[in-house]
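Results of the structural survey
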Amino acid sequence: MRPTYLEVNLSQLEQNLAAIRSQVHPAKVMVILKANAYGHGVEGVAPFFAPKADYLGVALVEEALHLRRLGISTPILVLGGILPEQLPDFFDNGLTLTVASPMILDLAQVMAVSRGKRLKVHLKIDTGMERLGVREYEAEPFIIRSAACSQLEVEGIFTHFANAEAKDQSHPRLQLDRFQRVLSVYEKRSIPRPKLVHAANSAAVLALPESRFDMVRPGILFYGVYPARDIEKPIQVLPAIKWKSRVVHSKVTQPDRPVSYGSLWKPGRETRILTIPCGYADGYFRRMSTQAQVLIGGKRYPQVGRICMDQLMVNAGSEDIPAGEEVLLLGDDLTVEELSDWTGTNEYEVLTSIGTRVPRSYVRE
Ligand SMILES: Cc1ncc(COP(=O)(O)O)c(C=O)c1O
C-alpha cells in the first residue's frame, strides 16, 4: 500500500452512531454517506454501517448506485436534485426519490404507472434554504397532488436547515415553524401523514431537539466532527481518522537554499528538511503552505515551502529524523479544525477533499 494513507477507525464511528442514537431516541437515524462518506471511503464505511442504519443518505444517484453495487440493500434516499432521465435508476435499483418539484412528482407517477411498479418518494419542502424543494407557501397543493399519485408511496417529507449551527437560532426556528405549518396540512386535509418526517442535520440534532421528528440526518457528527466550534455539545463524538504518511527523504539543507517551488521559504540556518509523499493532489491543500504542521513521534514540526502536487516538506530543525519515520498529517492532536483554519475553509471541505488517491485502511479498536 502507498505509505500515505487514511486510517479509519470503524469502532469510533460506531461509538459516534451509538451516542447520536441514544440522544435522539426514538427517532430513526439516516447515516449520510455522500461524498465518499465525508472522505472516509464509502467502500469501507458503507458495508459496515448499512446494517446498523435505519436509512442511508447520499447526494447523487451515482452514489446510490455505487452503494447498490457494493451489495447494500438498506433503503437509500437520494437527497439531491435529479434530471428526468435519471428517474429509471430509481425504479431499477429500489432507490428512494426526493421529489423537489411538481414536475418530478408527475414524471415519477407517469413512469411508475407505465412500469407497473410503485416508487418510494420523500417530498422536499424548502422552508428557507432557497435550494431544493417546494416552498412552504406552495406546499398544500403539492401535498394534495402527491396524495393522488396512486403509484407513489409518499414515505417521507423533509426540509433542510440553512444555519442550524448559528448562535442566533431565529432563522432555524422560522424554518421549523414553516415546516410545522406544512405538516398541519395533512390533518387539515385528512391525508395520512408520511411515516418519516425529517429535518435535522448535525447542527439541528445538537441545537434544535424539536426538529428531530421521526428521523435525523447527521452527517459530520457521525464522523466525529462538530458542525461549529461554539455549538452546544450534548453528544460526545470523536473523529475517526488518522492521515498518515512516512518520510521518504531526509537531508540537511544550507541556509542559503530556499525550499520548494517559488522559493518562498529559506531556512536561515542549517536545518533538516524532510520530504513527505503527499500533496495537494491528495487534498492536502496548497493554501496551507508554510502554515501547516505535522506530528512526528507526537511532536509538532512546521511544514515549509510550497506544498507540491505530490510532496510536502517539513522542517525538522536539528533533529535527526531519518527516512522511513511515520508522519501524522491529521489525527490525534492535529485536528480537522486546525487544517480548516490553515486552509481558510471549513471542516466539511477538509474531510471531503482527501483524495481518492489516498488509500483507506479500516481498523477496529
Ligand atoms: C439534505 C441534507 N441532509 C443532511 C445533511 C448532513 O449535514 P451535516 O453534515 O451538517 O449533518 C446534508 C449535508 O449537507 C444535506 O444536504
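Residues numbered from 1 in each chain as written. Predicted model: local features only at pLDDT ≥ 70, side-chain atom pairs only at ≥ 80, totals over all residues. Heavy atoms only, no water.

So, the environment of K244
With respect to the helices and strands, K244 occurs in strand 11 (residues 241-246). Dropping the residues within four chain positions of it, K244 is found in contact with P3, T4, Y5, E7, E326, V327 and L328. At 3.0 Å, the side chain of K244 and the side chain of E7 are in polar contact. (Helix = DSSP H or I, 4+ residues; strand = E, 2+ residues; numbered from the N terminus. Contact = heavy atoms within 4.5 Å. Polar contact = N/O pair within 3.5 Å; in protein donor to acceptor, adjacent residues only side chain to side chain.)

A look at the nonpolar core
Counting 121 residues, the largest nonpolar core has L33, L97, I157 and Y284 as its most contacted members. Both of domain 1 (10-216) and domain 2 (241-334) provide at least three residues apiece to this core. By size, the runner-up hydrophobic cluster in this structure holds 6 residues, among which are V259, I273, V304 and C308. (Core = buried A, V, L, I, M, F, W, Y, C linked by side-chain atoms within 4.5 Å. Buried < 20%, exposed > 50% of the residue type's maximum accessible area, 1.4 Å probe, protein only. Domains from an automatic or database assignment.)

As for the site of the ligand
Residues in close proximity to the ligand include K34, Y38, L79, R131, H160, N201, S202, R217, P218, G219, I220 and Y348, which together make up its full environment. One of the side-chain N or O atoms of Y38 is found 2.6 Å from an oxygen atom in the ligand. Across the shell around the ligand, the residue classes break down as 5 nonpolar, 4 polar and 3 charged. (Near = heavy atom within 4 Å. Nonpolar A, V, L, I, M, F, W, Y, C, P; charged D, E, K, R; others polar.)

Looking at the environment of T96
Position of T96 among the secondary structure elements: in strand 5 (residues 96-99). For T96 and V61, which are 35 residues apart along the polypeptide, the C-alpha to C-alpha distance reads 9.9 Å. When neighbours within four sequence positions are excluded, T96 is seen to be in contact with Y55, I76, L77, V78, F90, K120, V121, H122 and E155. A distance of 2.8 Å separates the side chain of T96 from the side chain of Y55, its partner in a polar contact.

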